[in-house]
Amino acid sequence: MPGGRPGAWSFALSTQRTIMNDHRRLGRELGIFDTDPLIGSGLPCWLPAGAAVRKAVEDYVYELERRNGYQHVNSPVLGKRELYERSGHWAHYAEDMFPPMRVGGEEFVLRPSLCPHHALIYRSRQRSRRDLPLRLAELGGMYRSELSGVLGGLTRVRAIQLNDGHVFCAPDQAAAEVSAALDLIEAAHAQLGIRAARYRLSLRGEGDKFVDDPGMWARSEEILREVLKERGRAFDEERGEGAFYGPKIDIQIADPAGREATLSTVQVDYFQPERFDLRYTGGERPVMVHRSVIGGIERLVAHLIEVHGGAFPAWLAPVQAVVLPLSDTERPAAEALLRRCVAAGLRAELAPADRGSLGARIRAHRLVPYQLVVGPREAAGGGASVRRRDGSQAGDVPVERLMEDSRPSFEI
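Within each chain, residues carry numbers counting from 1 in the order of the written sequence. Where local features are concerned, this predicted model is filtered to residues with pLDDT of at least 70; where side-chain atom pairs are given and counted, the filter is 80 or more; whole-chain, interface and lining totals use all residues. To get the side-chain values, take all heavy atoms of the structure and skip hydrogens and water.

(A) Spotlight on the sheet that holds strand E4 (residues 78-80). A pair of strands counts as paired when DSSP detects no fewer than two bridges linking them. For helices the rule is a DSSP run of H or I covering at least 4 residues; for strands it is a run of E covering at least 2, with both sets numbered from the N terminus onward. Strand order in the open sheet formed by three strands is E4-E6-E5, with antiparallel pairing between adjacent strands. Each edge of the open sheet is held by one strand with a lone partner, namely E4 and strand E5 (101-103). Neighbour-to-neighbour, the strand axes of this sheet turn through a mean angle of 40 degrees, independent of strand direction. One ladder, built from three bridges, connects E4 with strand E6 (residues 106-110); its direction is antiparallel. Residue pairing for E6: Gly79 is matched across the bridge by Val109. Axes here mean lines fitted to C-alpha atoms, for a helix over just the part in contact, with angles spanning 0 to 180 degrees between N-to-C directions.

Okay, structure coming up:
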């Protein structure tokens, strides 16, 4: 037992697991991401494997949102300084924003948030009560002027791809929309293999960081608190953790070392509808429910690397199937099978016999969900003997069946 202390062995094992699954090391080994000083700190590049994981996540969330009434939009990553003065970001959040860029006598800012753009999209058309709730979603870039000392891997970056969404609804619809957003979040977490560490009701703190409107805060807090109680969710209330314009439900996650971070969030906002003078027919003002199902893609993927240790669920794996010809004789049949896999939509690759023995190649691809072995019998029949990642044998499974088994579920 290390050091001869009671419990030291379990602590050493826990520390070893933390080191083994540190996303900064494992992410680079798996070809998920990398950084370069010529690009800059906090600005990671997605390598092919990481881009595949990211695309799988994006496609899943897009379809989950589409099936649940969201319309997807795209908006610029820049905006005039006046936009963020109107939204309140400039007064309450400027220290986290990049400085303005002067272009032709105007000042433009890299956006710290997508919500002002979505408020303007709402305002671009006349809206009636029948149009509500209007659910808008976007996976868009946002930028935070983080100090270099706090940056690390994918968990703390300067350029964030945020899964964001805003529901514009009548006041009497707000509670139902908050609960529906939590339904989406919990469904996505289950599909991704994420376990929430805790739910936090993040409230206003002291000082000028927060909008000074006690009545507005009280209305928003009441909605969020009651939804959590109705859903039977235990939660902690913490002062000073709210957004500058309103309270929020934060779903916290923890890494193997126990460090906590916010992943998903739901917020109720009366402030920005007023600042942008948003209305629907009759002069009524909507409530703006902010929600992020999976948060920033960077932090999410960092957590997934650590949770799964690189052994991602089949639908999420960068390579879902590897084709393994027994010898060079079976290579033509293996290449034909690879083409069928790719045509069916599987992310697949070939590991030919010249890369080593079959056992060595299987070990080299131990994180791939499906290993398709092609021997003389399989080559003659145009199929493969399918071996799962856990070592179990699935037999001669059609490629189309593998594709079906490699799709996520969209059940709520």
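(B) Just the environment of Ala343, in detail. Within the element layout of this structure, Ala343 appears in helix H11 (residues 331-344). In this structure the C-alpha to C-alpha distance between Ala343 and Ala170, which are 173 residues apart in sequence, comes to 46 Å.

(C) Layout of helix H7 (residues 174-192). An ideal rise of 1.5 Å per residue puts 27 Å on 19 residues; H7 measures up with 27 Å between its terminal C-alpha atoms. One or two steps after H7, the chain reaches Gly193, where phi turns positive at roughly 80 degrees. Here the expected length of a helix is defined as 1.5 Å per residue gap, with one fewer gap than residues.

(D) Highlighting the packing of aromatic side chains. When the centres of two rings from Phe, Tyr and Trp lie within 6.5 Å, Trp using its six-membered ring, the rings pair. Their planes under 30 degrees apart give stacked, over 60 give edge-to-face, and anything left gives tilted. This structure, assessed with the given rule, holds six aromatic pairs. Arranged with centres 5.4 Å apart and planes meeting at 25 degrees, the rings of Tyr60 and Phe410 form a pair that is stacked. Of this pair, Tyr60 sits in helix H3 (residues 48-67) while Phe410 sits in the segment after helix H14 (399-405), and the two are 350 residues apart along the sequence. As far as burial versus exposure is concerned, Tyr60 and Phe410 are alike and both buried. Taken together, the ring pairs connect Tyr60, Trp315 and Phe410 into an aromatic cluster. Above the plane of the ring of Tyr270 lies Arg219, whose end atom (NZ or CZ) is 4.3 Å from the centre. Relative accessible area decides the class of each residue, using a 1.4 Å probe on protein chains only: under 20% of the type maximum gives buried, over 50% gives exposed, and in between gives partly exposed. A ring has a charge above it when a Lys NZ or an Arg CZ is no more than 6 Å from the ring centre and no more than 35 degrees off the ring normal.

(E) Layout of the pairing of strand E13 (residues 287-292). Extensive coverage of E13 is indicated by the burial of six of its six residues. Of the two faces of E13, the one carrying Val287, Val289 and Arg291 and the one carrying Met288, His290 and Ser292 are both buried. Inspection of the sheet shows strand E8 (residues 159-169) paired to E13 by five bridges, in the antiparallel sense. By the bridge assignment for E13, Phe168 is matched with Met288. Here strand E12 (residues 260-269) pairs with E13 via five bridges, running antiparallel. Note on E13: the bridge partner recorded for Val266 is Arg291.

(F) Region of the structure containing the packing of H3 against H7. Packing of H3 against H7 brings their axes to within 11 Å, and their N-to-C directions diverge by 145 degrees. Seen from above, H3 lies across H7 with right-handed handedness. Judged by residue contacts, Val57, Tyr60 and Leu64 of H3 engage Leu184, Ala187, Ala188, Gln191 and Leu192 from H7. Tallied by class, the residues present in the contact of H3 with H7 amount to seven nonpolar, one polar and no charged. The crossing is said to be left-handed when, going from far helix to near helix, the turn is anticlockwise and less than a right angle, and right-handed when the turn is clockwise. Residue contacts are defined here by distance: any two heavy atoms, one from each residue, within 4.5 Å place the two residues in contact. Any residue outside Ala, Val, Leu, Ile, Met, Phe, Trp, Tyr, Cys, Pro, Asp, Glu, Lys and Arg is labelled polar, Gly included; the first ten of those are nonpolar and the last four are charged.

(G) Inspection of the pattern of salt bridges at higher detail. Salt bridge, as used here, is a side-chain nitrogen of Lys or Arg placed within 4 Å of a carboxyl oxygen of Asp or Glu. Summed over all chains, the structure comprises 36 salt bridges. For Glu221, the salt bridge is made with Arg225, and the minimal N-O distance between the two is 3.8 Å. Remark: Arg225 and Glu221 occur in helix H8 (residues 214-230); sequence separation between them is four residues, near one turn of the helix. Pair check on accessibility: Glu221 and Arg225 agree, each one buried. Salt-bridge contacts for Asp405 lead to Arg401; the nearest nitrogen and oxygen are separated by 3.2 Å. With Asp405 and Arg401 both in helix H14, this residue pair falls four residues apart, about one helical turn. Classification of Asp405 as partly exposed rests on a relative accessible area of 41%. Each of the salt bridges in this network shares a partner with another, and the network as a whole consists of Arg198, Arg200, Asp236, Glu238, Glu241, Lys248, Asp250 and Glu260.

(H) Spatial organisation of the side chain of Arg225. The exposure class assigned to Arg225 is buried, which follows from its relative accessible area of 18%. What Arg225 contacts, discounting residues up to four positions off in sequence, is Leu201, Leu203, Phe235 and Glu237.

(I) Representation of helix H10 (residues 297-308) in the model. The end-to-end C-alpha distance of H10 is 16 Å, a good match for the 16 Å that 12 residues give at a rise of 1.5 Å each. The element H10 is extensively covered by neighbouring structure, given that 10 of its 12 residues are classed as buried. The complete set of buried residues in H10 reads Ile297, Glu298, Leu300, Val301, Ala302, His303, Leu304, Ile305, Glu306 and His308. Phi turns positive one or two residues past the end of H10, at Gly309, with a value near 60 degrees.

(J) Seen up close, the nonpolar core. Counting residues in each nonpolar core, the largest one holds 61 residues, and the members touching the most others are Val178, Leu182, Leu192, Ile249, Ile294 and Leu316. Residue contributions to this core peak at eight residues, all from H7. Not counting residues within four places of it along the chain, the set of residues in contact with Leu182 comprises Tyr199, Val227, Leu228, Arg231, Ile249, Ile251 and Val266. Side-chain atoms within 4.5 Å link the members of a nonpolar core, which is a set of buried Ala, Val, Leu, Ile, Met, Phe, Trp, Tyr and Cys residues.

(K) View of the sheet that holds strand E17 (residues 385-388). Spatially, the five strands line up as an open sheet ordered E15-E14-E16-E17-E18, and their pairing is mixed. Either end of the sheet is taken by a strand with one partner, and the two such strands are strand E15 (348-350) and strand E18 (393-395). Averaged over neighbouring strand pairs, the angle between their axes works out to 25 degrees when direction is ignored. Pairing analysis gives two bridges linking E17 to E18, with the strands arranged antiparallel. Bridged to Arg387 within E18 is Gln393. Sheet strands touched by H11: strand E14 (321-325), E15 and strand E16 (370-374). Its angle to E15, the strand with the most contacts, is close to 165 degrees.

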